[in-house]
Amino acid sequence: MENKNNPKIAVVVPCYNEEEVLPETIEVLSVFILDLMNRNIVSERSFLIFIDDGSKDKTWNIIETAAKKSNNIKGIKLSRNFGHQFALLAGMERIKDDCDIALTIDADLQDEISVVEKGIEKMVNDGCDIIYFARRERKTDSLFKKVTAILFYKIMILLGVDIVYNHADFRLVTKRILQELISFKEVNLFLRAMLPIMGFKSEIIYYDRKERLAGVSKYPFRKMLAFAWEGITSFSVAPLRFITILGFAVFFFSIIMGFYTLFEKFFGHGVVPGWASVVIPIYVLGGIMIFSLGIVGEYIGKIYKEVKRRPRYIVEKEV
Ligand code: UDP
Ligand code: MG
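I will try to describe carefully the structure that is included in this document. All values derive from a computational prediction rather than experimental measurement.

### Here's the deal with the pairing of strand β5 (residues 130–135)
Here is step 1: Buried residues dominate β5, accounting for six of its six residues.
Here is step 2: Here β5 shows two buried faces, one formed by Ile130, Tyr132 and Ala134 and the other by Ile131, Phe133 and Arg135.
Here is step 3: Bridge count between β5 and strand β6 (residues 167–174): four bridges; the pairing is antiparallel. Counterpart to alanine 134 in the pairing with β6 is histidine 167.

In structure tokens form, the structure reads like this:
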């Protein structure tokens, strides 16, 4: 980090229809950074930035009023609801030249802000560039959310996606990371898997997640499912590879079945005329078709990686 003493921190808060909880959130976060400022842990120029993700309620009014009252509060309003990931990105791109450390946190204060200080310490003292805050348990979740969430992380890891288990978008990143993040041009955003592929020194800090302070979740099941799907399809070509393997297996099986059919035809008893000429093409063509589909998929996988235009490498240091 460039500025080790007294880093300037920016707290990025995406908000979608959060009028019920936002006044309290602003209060709590203000007190939180004020305390860090007073104890000289962060710079006095640290600030909060709220991103209104196209809310339909009074969220923007609340942000505007707060920003007028305090020098340490800023706001951005997106033109419509772009979704949590894009609201986060908008905030991070906005502040990338304007802070030393960025903290991203949800507006509902389910996350334990008291662990942030430990994270800042790790950045300043150990030179970490990313601190992932991960949930220790899921006590506050419904059984359904618990099961689907665990399944989600397990499947992601199984498919070879580098993702921090039980980490949502509550994290600290240095300016360095923000600067590098802009070279990721993808439009299918799934930040929590993008950061691990960037590398740099990182650390995971565990915390317990609380209930929402007020209001209801802005992630209904439909959105959660879409989000999980986004994560899988944006970071893994494993499903395509699976088709290739399946095709190869079926093709192999079809050859055996082909020989078996011929054997039955010539040496077996009671074979109906026309049986072999019907059955062999079913096996063989089925195998060839799935296998070919897999090969086409392999190329699509390559095209998909190319069109993402992700950086092929990131230089951390030079001497
Ligand atoms: N959010 C957003 N845009 C959306 C949905 C959610 O900016 O389209 C914000 C929301 O205001 C909150 C955060 O993303 O600050 C996480 O949402 P929520 O707490 O509803 O998710 P949950 O904790 O239930 O998974
Ligand atoms: Mg929440």
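### Thoughts on the nonpolar core
For soluble globular proteins, the rule of thumb is that nonpolar side chains tend to be buried together.
Here is step 1: Counting residues in hydrophobic clusters, the biggest one holds 39 residues, and the most contacted among them are Ile95 and Phe190.
Here is step 2: Every element with two or more residues in this core is listed here: β1 (9–15), β2 (47–52), α3 (84–95), β5, α5 (143–158), α6 (175–181), α7 (191–198) and α8 (221–235).
Here is step 3: Beyond its immediate sequence surroundings of up to four residues, phenylalanine 190 is in contact with Gln85, Phe152, Met156, Ile163, Phe227, Gly231 and Phe235.
Here is step 4: Formed by 35 residues, the second largest nonpolar core is a distinct cluster that contains Leu22, Leu109, Ile120 and Phe170.

### Some remarks on the site of ligand 1
Here is step 1: By nearness alone, 19 residues border ligand 1, and Glu18, Asp53, Asp108, Ser217 and Lys218 come closest of all.
Here is step 2: The separation between an oxygen atom of ligand 1 and a polar side-chain atom of aspartate 108 is 2.5 Å.
Here is step 3: With respect to ligand 1, the backbone of lysine 218 contributes an N or O atom lying 2.4 Å from an oxygen atom.
Here is step 4: Isolated, ligand 1 exposes 530 Å² of accessible area, and the fraction of that covered by the protein chains is 94%.
Here is step 5: Split into classes, the residues belonging to the shell around ligand 1 amount to five nonpolar, five polar and nine charged.

### Looking at the packing of α5 against α8
Here is step 1: At a minimum axis separation of 10 Å, α5 and α8 run at an interaxial angle of 10°. Overall, the two elements α5 and α8 adopt an arrangement that is roughly parallel. In this structure, α5 uses Phe144, Lys145, Thr148, Phe152, Ile155 and Met156 to contact α8, whose residues at the interface are Phe221, Met224, Ala228, Gly231 and Ile232.
Here is step 2: Residues that form the contact of α5 with α8 fall into these classes: eight nonpolar, two polar and one charged.

### A look at helix α2 (residues 59–69)
Here is step 1: Three or more residues of α2 are buried, namely Thr59, Ile63 and Ala66. Burial along α2 is one-sided: seen end-on, the buried residues are contained in an arc of 70°. With respect to the buried face of α2, the exposed residues turned more than 90 degrees away are Lys68 and Lys69.
Here is step 2: Tucked into the core, α2 has its buried residues touching β1, α1 (22–38), β2 and β3 (73–77).

Here is what the cut-offs are and how they apply
Residues numbered from 1 in each chain as written. Chains lettered and ligands numbered in written order. Predicted model: local features only at pLDDT ≥ 70, side-chain atom pairs only at ≥ 80, totals over all residues. Heavy atoms only, no water. Buried < 20%, exposed > 50% of the residue type's maximum accessible area, 1.4 Å probe, protein only. Helix = DSSP H or I, 4+ residues; strand = E, 2+ residues; numbered from the N terminus. Pairing = 2+ DSSP bridges. Core = buried A, V, L, I, M, F, W, Y, C linked by side-chain atoms within 4.5 Å. Contact = heavy atoms within 4.5 Å. Near = heavy atom within 4 Å. Polar contact = N/O pair within 3.5 Å; in protein donor to acceptor, adjacent residues only side chain to side chain. Areas by Shrake-Rupley, 256 points an atom, 1.4 Å probe, with all protein chains shown as cover. Nonpolar A, V, L, I, M, F, W, Y, C, P; charged D, E, K, R; others polar. Axes fitted to C-alpha atoms, helices over the stretch in contact; angles between N-to-C directions. Parallel < 35°, antiparallel > 145°, perpendicular 65-115°, else oblique. Arc of directions from axis to C-beta.

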